[in-house]
Amino acid sequence: MNSSGVSRFDLVIAGVGGQGTILASDIIGRTAVKENMPVRAAETHGMAQRGGSVVNHVRLGCEFGSMIPRKGADVLLALEPSEALRYLEYLSDDGIVIVNTDPILPVTVTSGLCSYPDVNAIIENLGRGHEVKAFNATGLAKEAGNIQAMNVVMVGAVSNYLPLSADIMLECVRELVPPKTTDINVRAFELGRAAMNE
């Protein structure tokens, strides 16, 4: 709790360009605004539009800067397995990693210049010091009706841990996704939320 009595929560969202990390942080940010919770967000990315690394910092109930310090995050939400390893240094010792197990292979891998690490080895590595919730969010998005909804599946998953109302978050999903995809994204959110309780 901070001095204003608001729960504090620091979330790092990591993925690659095109996965929808920005929409994911926008949904969470808008929910916080609706609940009158102070929120700060920052995004840093390399070649995002080319499938490069993208990371968003979302700070709820925060009175300080928008960047989460190393070992400061309560949850690392990784939309891609190798990105979880890349940003693990931001996770606190008792933090949780929520990771999509479906990899996106960079050009260096598809062109044969290097190999992608084994996903099970990545999960094992992440679990050496942290609680890990690993599941195939892309598969659940497909089940919801569109693999592009994977980011909303991940938002549904992390909604179990955020000090925010899941109902208001779902309302924000409806407001922020393209109208014709609303039903798919609502289902994606619900599947992601349920996946954490299995």
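Provided above is the structure to which this section pertains.
Residues numbered from 1 in each chain as written. Predicted model: local features only at pLDDT ≥ 70, side-chain atom pairs only at ≥ 80, totals over all residues. Heavy atoms only, no water.

Bringing the side chain of His57 into the picture now. Along the chain, the position of His57 falls in strand β3 (residues 53–60). Separated by 2.9 Å, the side chain of His57 and the backbone nitrogen of Ile68 make a polar contact. Other than its neighbours up to four places away in sequence, His57 contacts Leu11, Val12, Arg40, Ala41, Ala42, Ser66, Met67, Ile68 and Tyr90. (Helix = DSSP H or I, 4+ residues; strand = E, 2+ residues; numbered from the N terminus. Polar contact = N/O pair within 3.5 Å; in protein donor to acceptor, adjacent residues only side chain to side chain. Contact = heavy atoms within 4.5 Å.)

Among the nonpolar cores identified, the biggest contains 42 residues, and Leu11, Ile28, Leu60, Ile98, Phe135 and Leu162 are the most heavily contacted of them. Element by element, the count of residues in this core is highest for helix α6 (residues 150–158), at seven residues. Apart from the residues within four sequence positions on either side, Leu60 is in contact with Ser7, Arg8, Phe9, Asp10, Ile28, Ala32, Met37, Pro38, Val39, Leu162, Pro163 and Leu164. Counting 20 residues, the second-largest nonpolar core is a separate cluster that includes Ala14, Tyr87, Ile122 and Leu126. (Core = buried A, V, L, I, M, F, W, Y, C linked by side-chain atoms within 4.5 Å. Buried < 20%, exposed > 50% of the residue type's maximum accessible area, 1.4 Å probe, protein only.)

With that out of the way, let us pick up helix α5 (residues 137–144). Of all the residues in α5, the buried ones are Ala137, Thr138, Leu140, Ala141 and Ala144. All buried residues of α5 project into a common sector of 160° when viewed along the axis, lining one side. With respect to the buried face of α5, the exposed residues turned more than 90 degrees away are Lys142 and Glu143. Buried residues in α5 make contact with β5 (91–100), β6 (131–135), α6 and α8 (182–195). Near the N-terminus of α5, the side chain that reaches the backbone nitrogen of Thr138, with its oxygen 3.1 Å away, is that of Asn136. (Arc of directions from axis to C-beta.)

Moving on, we get to the environment of Gly52. Tracing the backbone through its elements, the reader meets Gly52 in the loop between β2 (39–45) and β3. The buried category is assigned to Gly52, whose relative accessible area is 15%. Sequence separation of Gly52 and Gly15 is 37 residues, and the distance between their C-alpha atoms is 8.4 Å.

With respect to the helices, strands and loops of the structure, Thr21 is situated in helix α1 (residues 21–34). Discounting chain neighbours no more than four positions away, the residues touching Thr21 are Ile13, Ala14, Gly15, Val54, Asn56 and Leu79.

What follows deals with the packing of α6 against α8. In contact at an axis separation of 6 Å, α6 and α8 are set at 45° when each is read in the N-to-C sense. Relative to α8, the element α6 lies oblique. For the element pair α6 and α8, the recorded crossing hand is right-handed. Here Val152, Val153, Val155, Gly156 and Ala157 of α6 come into contact with α8, specifically with Asn185, Ala188, Phe189, Gly192 and Arg193. Residues that form the contact of α6 with α8 fall into these classes: six nonpolar, three polar and one charged. (Axes fitted to C-alpha atoms, helices over the stretch in contact; angles between N-to-C directions. Parallel < 35°, antiparallel > 145°, perpendicular 65-115°, else oblique. Left-handed = near helix turned anticlockwise from the far one by under 90°. Nonpolar A, V, L, I, M, F, W, Y, C, P; charged D, E, K, R; others polar.)

This paragraph deals with the packing of α5 against α8. For the pair α5 and α8, the least separation of the axes is 8 Å and the interaxial angle reads 140°. Between α5 and α8, the angle falls in the class oblique. The two elements α5 and α8 cross, and the hand of that crossing is right-handed. Facing α5, whose interface residues are Leu140, Glu143 and Ala144, α8 presents Ile184, Arg187, Ala188, Leu191 and Ala195.

Here the focus is the pattern of salt bridges. Under the criterion given, the structure shown has 10 salt bridges. A salt bridge links Asp93 to Lys71; the nearest nitrogen and oxygen atoms lie 2.7 Å apart. Pair noted here: Asp93 is in strand β5 and Lys71 is in the loop between β3 and β4 (73–78), with a separation of 22 residues, a long-range link. Overall, the relative accessible area of 51% leaves Lys71 in the exposed class. (Salt bridge = Lys/Arg side-chain N within 4 Å of Asp/Glu carboxyl O.)

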